[in-house]
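Here is what each chain is made of, one letter per residue.
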Amino acid sequence: MMLSLRGTENVRELAIPWRFSLTQTYDPKENPTGLISFGMAENRPMRAEIAKYINEKVVFTQDSISYRPNAPTAARLPAAAAVHLNNILKPHVPIDPEHIFVADSPTSLGSMLGYNLAERGDGILVSRPVYGRFELDYGVESGVTMVYADTSSEEAFSAASVEKYELALKAAKEHGKKIRAVLLVNPHNPVGRCYPVETLKAIARFCNKHSLHLISDEVYASCVFDSGDPEAVPFTSILSLDFAGLIDPNLVHVLYGFSKDFASGGLHLGFLVTQNQQLRQACKAILRLHGASQAAVTIGTTILEDQAFVSSFTAKSRRGLASAYQLTTSVLNEEGINYIKGGNAGFFVYVDLSPYLPVDSALSPRQREFALAQSLVDAGVFLHPAEEHSQDIGWFRLVFSQEEEILKEGLDR
């Protein structure tokens, strides 16, 4: 059967080597030789706790299975989300429930933003290294491409990175590509660090200067932990800045969801926070393709209305992440494996395995990286090669948010 050009392009995307994470099959009792995956960015140790809470506390009603909930019910999730986001993002201007748009995930919201802010073939500017599958999030349906401002991992978090944004913007214009937005990931995936205030301000000024939208993906907002490094930069939401004289508030859009902070990627619940009424309306027009299920809305509302539970859950999550980070980095230090220091957020360490690439002149540098990835899989452990789209060959993202026994076994392998 002949496909459309779009369909054919998307099939090719599925064929990109190592693009998707391998599934973990390891079980200490049932399958001790199974694969341990350090690829999927989810907080595995916290899943049992959130599932237990849902089973014990959530009450489903007719509204939970209807097309649309009744008016009082419909207002509960945006109101609860506003309270929660005001608590964790500490915005300069308090978030109004009216400014929160609910969809089935931050991934879907990325697609919706690509569709509504850009034309097919336009670009979104992002520094690199970065989470690689934004190419899919913004590209599969909308045909929007990522345009990379390549920086070192250190440079990406400094105000000087704006110079690289300027160069990438200029190069895109020279090639006839229109840039519509800048995308930030804060806390950062895969580096696991947060952006300093001065860098956020510099990027906001850059966006305002060029009339670019600023999309801040803040899905790891509460996954910030004490790494033991006194110089680690604390998390600052873009919304905590005073936009007066800095950037038009209608250009700033924040993504958030349940997948990371609540270990509930399968729940499929995401939020767009924006003062831009026209954008919210444009998203509403295509929401029928990306709407959250009313069952997920019921679950999310129950959780967010219980801020005492949210606080205790977040505190426990942070302790677990800090412990896993310390264990992982101590092993890397002992083995002399280089990684990006200063991490204090997210589920991952960005590690340099370039010294271990096979020496084979018949292989391209990227093929050597893939060969190392296969060697790791053959030894029973999976790490993503180049999934984060770094120019540099041999850098892998190691997801450490596993139960301690599994983490130790994977690191041993």
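- The name given to the chain in an unreviewed UniProt entry is Aminotransferase class I/classII large domain-containing protein, with the source organism recorded as Penicillium concentricum.

### Some points on the packing of helix 5 (residues 106-117) against helix 9 (residues 277-285)
Step number 1: As a packed pair, helix 5 and helix 9 sit with axes 10 Å apart at the nearest point and diverge in direction by 110 degrees. Between helix 5 and helix 9, the crossing angle belongs to the class labelled roughly perpendicular. The two elements helix 5 and helix 9 meet at a crossing, and its hand is right-handed. Where helix 5 approaches helix 9, its residues Met112, Leu113, Asn116 and Leu117 are matched on the opposing element by Leu279, Ala282 and Cys283.
Step number 2: A class-by-class count of the residues in the contact of helix 5 with helix 9 yields six nonpolar, one polar and no charged.

### Regarding the sheet that holds strand 12 (residues 384-385)
Step number 1: The strand order across the open sheet formed by four strands is 9-10-13-12, and the pairing between neighbours is antiparallel. Two strands lie at the open edges of the sheet, namely strand 9 (338-339) and strand 12, each paired on one side alone.
Step number 2: As paired strands, strand 9 and strand 10 (residues 348-352) are joined by two bridges and run antiparallel to one another. Residue pairing across strands places Tyr339 opposite Val351, the latter belonging to strand 10.
Step number 3: Of the strands in this sheet, strand 12 and strand 13 (395-399) are in contact with helix 12 (residues 365-378), which crosses strand 13 at around 30 degrees.

Criteria and thresholds
Residues numbered from 1 in each chain as written. Predicted model: local features only at pLDDT ≥ 70, side-chain atom pairs only at ≥ 80, totals over all residues. Heavy atoms only, no water. Axes fitted to C-alpha atoms, helices over the stretch in contact; angles between N-to-C directions. Helix = DSSP H or I, 4+ residues; strand = E, 2+ residues; numbered from the N terminus. Parallel < 35°, antiparallel > 145°, perpendicular 65-115°, else oblique. Left-handed = near helix turned anticlockwise from the far one by under 90°. Contact = heavy atoms within 4.5 Å. Nonpolar A, V, L, I, M, F, W, Y, C, P; charged D, E, K, R; others polar. Pairing = 2+ DSSP bridges.

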